[in-house]
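Topology and contacts: notes
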There are 2 protein chains.
Amino acid sequence: MPKDVITTRATDYNQWYLDIVREADMAEVAEVVRGCIVFKPTGWAIWELMQRQLDDRIKATGHANVQFPLLIPKSFLLREAEHVDGFAPEVAEVTRAGGEELAEPYVIRPTSETIIGYFYAKWIRSYRDLPVLYNQWCNVMRWELRTRPFLRTAEFIWQEGHTAHATEAEAEAETLKILYDVYADFAEQVMAVPVLRGLKTEKEKFPGALRSYCIEAMMQDGRALQAGTSHNLGQNFAKAFGITYTDQHNTVQHCWTTSWGVSTRLIGALIMTHSDDEGLVLPPRLAPTQVVVVPIYKNDEERGLVMAAVTQLTAAWAGRLRFKIDDRDHVTPGFKFNEWEIKGVPVRVEVGPKDVAKGSVALARRDVPGRAGKSFVPQDGLTERIIALLDEIQASLYQRALAFRTEHSAFVSTYAELKQQVERGFAWAYWDGTTEDEQRIQEETRATIRCLPLEQANAPGRCVYTGRETTRQVVFARAY
Amino acid sequence: MPKDVITTRATDYNQWYLDIVREADMAEVAEVVRGCIVFKPTGWAIWELMQRQLDDRIKATGHANVQFPLLIPKSFLLREAEHVDGFAPEVAEVTRAGGEELAEPYVIRPTSETIIGYFYAKWIRSYRDLPVLYNQWCNVMRWELRTRPFLRTAEFIWQEGHTAHATEAEAEAETLKILYDVYADFAEQVMAVPVLRGLKTEKEKFPGALRSYCIEAMMQDGRALQAGTSHNLGQNFAKAFGITYTDQHNTVQHCWTTSWGVSTRLIGALIMTHSDDEGLVLPPRLAPTQVVVVPIYKNDEERGLVMAAVTQLTAAWAGRLRFKIDDRDHVTPGFKFNEWEIKGVPVRVEVGPKDVAKGSVALARRDVPGRAGKSFVPQDGLTERIIALLDEIQASLYQRALAFRTEHSAFVSTYAELKQQVERGFAWAYWDGTTEDEQRIQEETRATIRCLPLEQANAPGRCVYTGRETTRQVVFARAY
């Protein structure tokens, strides 16, 4: 497996991404099913680790998992006006089943607000039934024109939370709790990806939402990636589906609902935040294999000696580390090093006859390539040393990504500066324009307002486009 | 919540089942999506526990998880002759997407042998690539005429394993390993459901398989339920999709493939094996809540006293027990007892002011209703006592189900006996008939050959139908 199977980032960032996806055994484009991919073992194992850690957070914040049907009667989409405009053009329709034409077609869910709204209307009667805090892990389908593995695919896997509340304040608190305690916390602590927490503009919000919040990450090419969204749906879906409750004063009220989701697109964000020209780089908390042990020997005698040491060294690892011993005989150690480097395993342990004699091993960290990342350490205390090293790598990847974002972010005061800055990263700016202004800027610069960051100074300044005074700052960027 | 919301089993077993599904908050029929259900929190939480424990076993036997697309080009189904006959009549078809008619329709996967066969043909080149041992957790769709929650639904959730091997012997070993080490072990150890391990007849095998193995369980009405299947597909799909490899002698050979699956139908098996006229009964290993603590008090002072004791008693439970403290104030203890009984929580702990004074609690086990299942025990050592009790309940449920199966199984020597026995349970019989004989018996008795049990005496006897001498025994039963 020659190294040059991976295009360098400088040569072609897009091709580099596709090369990583392929060579790290993450996914394959399923050319016979338009816009879909096959998740291969490494890709799916990363998703399982994401799912487990997200699910823990979703349950810890009081939500229960449920599962609604894949199919939605097509007429359901029509009930919420913005929603149908947003999703109707990109649905896949089931028109035949069991050998017969269906009287009313179904759509494969592009998202489940409508079918869930229908059931919430049946289930919720009294204020005592509220809040309803449900989530589901499932596949959804949107017939996208241009697709890229993980980032945009016709079918994707995600979780979608759907909650119903008695008051606007509770719905808003839920929306922000998910944004901060679940999504942003997961992105930064588990994915080691720093994110902006922000509000979407009217132009960019979810079809049918009152307000959409998001977390936005910066990729290595300076572009933004929306990594998760949390929507306060107001009473829009409650009115469309008749989700009402009787309050303490025996008055019938419409509920306030929310929805929020993250998807397998997070895998794309992970790749484009940390990986390098040698292959995938994974934060230890999402690495299916955290440590690979490569025994080195030239003959059967050395093999016996080395493997005995490896067995002893790894005896206490089960349950503490996710590890592999690569004892394949038909490939060389060099081939193995390269393969595990491409697959992003955070730590490699090499054990040869000399190491056995000296009571040491060689330890190589994936995030620091070459000699700089390699050290020779005693076998004594190796387990604790590796666990500490994994923590260090996790923290270091986050810091590196944060430093990159800082370097590639700038405050811009003029439209000319904005145009320049979106070539290299995030452009922070005062903003008081209209949706039409936003549209024009997008056409001229290919950049969009990614969000109004929630943490911002309240000092006034002048809008980068209209020159009007405002206290509102936004972040412009080109986006995936 | 009056007790009579659940029909007794003696009155109407079918209605009893539907009542349990509804009252235990397991599922709801999604009447707007034909033949589909909504999995509600209890139902989905049980599935998550099943999935986790099955997945552990699937990975422990060397398999990796992957994910293939939901949609399959319709023409793929046609490539394996038996397969298309089996599945084409019941598929749902996507004919429009993104606002346009599709040139070739897709079907929503009824099972994934075909699309996976297509990719295995691309991926497998050499004997070094074998075996390929993949599994996926996903939804599938079969447009069934008659549906029942969990047991038979248009959409259902399952895992489907798909493996490719160099030789028939390896494929056969894989098929049996899944049957014994994964499915039968899970059914008996986790679900507490005894199962027969057997081979399907030609009439009952999977469309396209060489041999289908199954685990069969007995429900409380004496009917059989196929709880899992494992298929040796021979070279049928390998030939249909061109899955070949180059062996050590540089000869191109067709692979031998297998597939195997269990689904959310297991939840139906669980209900119909253990539950009673009071509601759901769950084996502790699948109980989302294993212990519910109900504090009992009449005023605020008592409440303070009792809740302090409850907090202390449960302090060490996190991570060891799945438990709930039901401290709702607006419902009575009696209401709570009833609700948790219906929902199948294995152990109930009651703590009142007298218990606090005496340093005791009341302990009630769900599997032994009424006074017989209730005891007063010291607070000291309560955690260990409950853990031991959960083990005892798990074992006891299995033994009870096994005793029931034994009582409702009989060896039959004549067709008249067979007709009688299938009214009450499993009929073991010698068998040397044809597929046509089997068909005729089904029409006359509504019973089918569930399997040829793998563990059987090899002594000869006379076929229950033809009278011919044979050593082959089968089990007849009416089935779900």
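Residues numbered from 1 in each chain as written. Chains lettered and ligands numbered in written order. Predicted model: local features only at pLDDT ≥ 70, side-chain atom pairs only at ≥ 80, totals over all residues. Heavy atoms only, no water.

**Observations concerning the nonpolar core**
This is how the line gets drawn: Remark: nonpolar core denotes a set of buried residues (Ala, Val, Leu, Ile, Met, Phe, Trp, Tyr, Cys) joined through side-chain atoms within 4.5 Å. Only protein chains enter the accessibility calculation, which uses a 1.4 Å probe; a residue is then buried when its area is under 20% of its type maximum, exposed when over 50%, and partly exposed in between.
Of all hydrophobic cores here, the largest spans 90 residues; its most connected members are Leu 71, Ile 108 and Tyr 120 of chain A together with Leu 71, Ile 108 and Tyr 120 of chain B. Counting residues in each nonpolar core, the second largest holds 69 residues, with Val 190, Trp 260, Ala 269 and Ala 429 of chain B among its members.

**What to know about the packing of aromatic side chains**
Residues and elements named next belong to chain A. Condition: Any two of the Phe, Tyr and Trp rings considered here, Trp counted by its six-membered ring, make a pair once their centres fall within 6.5 Å; the pair's planes then place it as stacked at under 30 degrees, edge-to-face at over 60, or tilted in between. Per the convention used, a helix needs a DSSP run of H or I reaching at least four residues, while a strand needs a run of E reaching at least two, with both numbered from the N terminus.
Counted under the stated rule, the structure contains 44 aromatic pairs over all chains. The interplanar angle of 50° and the centroid separation of 5.9 Å between the aromatic rings of Phe 68 and Phe 119 together place this pair among those described as tilted. One end of the pair, Phe 68, is in the loop between β3 (64-65) and β4 (71-73); the other, Phe 119, is in helix α5 (residues 113-123), and 51 residues separate them in sequence. Here Phe 119 falls in the buried class, since its relative accessible area comes to 0%.

**Focus on the pattern of salt bridges**
Applicable threshold: We count a salt bridge whenever a side-chain nitrogen from Lys or Arg sits within 4 Å of a carboxyl oxygen from Asp or Glu.
By the definition in use, this model includes 72 salt bridges over all chains. Here Lys 40 of chain B and Asp 25 of chain B are joined by a salt bridge, their closest N and O atoms 3.2 Å apart. With Lys 40 of chain B in the loop between β2 (37-39) and α2 (41-60) and Asp 25 of chain B in the loop between α1 (13-23) and β1 (27-29), this residue pair connects regions lying 15 residues apart in the sequence. Across the pair, Asp 25 of chain B and Lys 40 of chain B agree in class, each one buried. Where salt bridges share partners, they join Asp 326, Arg 328, Lys 336, Glu 339 and Lys 343 of chain A into one cluster.

**With respect to the sheet that holds strand β6 (residues 100-108) of chain B**
Where we set the bar: Whether two strands pair comes down to DSSP finding at least two bridges between them. The convention used is that axes are lines fitted to C-alpha atoms, helices contributing only their stretch in contact, and that angles between N-to-C directions extend from 0 to 180 degrees.
The strand order across the open sheet built from six strands is β4(A)-β6(A)-β5(A)-β5(B)-β6(B)-β4(B), with neighbouring strands paired in antiparallel fashion. Two strands lie at the open edges of the sheet, namely β4 of chain A together with β4 (71-73) of chain B, each paired on one side alone. Adjacent strand axes in the sheet meet at a mean angle of 45° when their direction is disregarded. Sheet topology places strand β5 (residues 92-97) of chain A next to strand β6 (residues 100-108) of chain A; four bridges connect them, and they run antiparallel. Looking across to β6 of chain A, one finds that Ala 97 of chain A is bridged to Glu 100 of chain A.

**Some points on the interface of chain A and chain B**
For clarity, the cut-off: Two residues qualify as a contact provided that any one of their heavy atoms is within 4.5 Å of a heavy atom in the partner residue. Each polar contact in these results corresponds to two N or O atoms within 3.5 Å; when the atoms are within protein, one needs to be able to donate a hydrogen and the other to accept it, and residues that are neighboring in sequence are counted only if both atoms are side-chain atoms.
Contact residues are listed per partner, giving 55 residues for chain A and 55 residues for chain B. At the boundary of chain A and chain B, one finds eight salt bridges. Here chain A is connected to chain B by 26 residue pairs in polar contact (both at pLDDT 80 or more). Considering each element in turn, the side of chain A that touches chain B owes the most residues, six residues, to β5 of chain A.

**Structural notes on empty space enclosed by the protein**
The rolling of a water-molecule-sized probe over the atoms marks out the regions of remaining empty space. In plain terms, the rule: Cavity and pocket criteria rest on a 1 Å grid covering protein atoms alone: a 1.4 Å probe that fits but cannot get out defines a cavity, protein on both sides within 12 Å along at least 5 of 7 lines defines an open pocket, and an atom within 4 Å of a point defines a lining residue. Grid points are joined across faces, edges and corners, and a volume is the space filled by probe spheres set on the points. Gly falls in the polar group here, along with every residue not listed as nonpolar (Ala, Val, Leu, Ile, Met, Phe, Trp, Tyr, Cys, Pro) or charged (Asp, Glu, Lys, Arg).
All told, the structure shown has four cavities of 30 Å³ or more when counted by the stated rule. Its boundaries defined by the atoms lining it, the largest cavity holds a volume of some 80 Å³. In this structure, the largest cavity is lined by Glu 113, Ile 116, Gly 117, Tyr 120, His 162, Thr 163, Leu 233, Phe 237, Ile 243, Thr 257 and Thr 258 of chain B. Those elements that place two or more of their residues in the lining of the largest cavity are α5 (113-123), β8 (155-165) and β14 (256-263) of chain B. Per-element accounting of the lining of the largest cavity gives the leading share, four residues, to α5 of chain B. Forming the boundary of the second largest cavity are Glu 113, Ile 116, Gly 117, Tyr 120, His 162, Thr 163, Leu 233, Phe 237, Ile 243, Thr 257 and Thr 258 of chain A. Of all the secondary-structure elements, those providing two or more residues to the lining of the second largest cavity are α5, β8 (155-165) and β14 (256-263) of chain A. Of the residues in the lining of the second largest cavity, the class split is five nonpolar, five polar and one charged.

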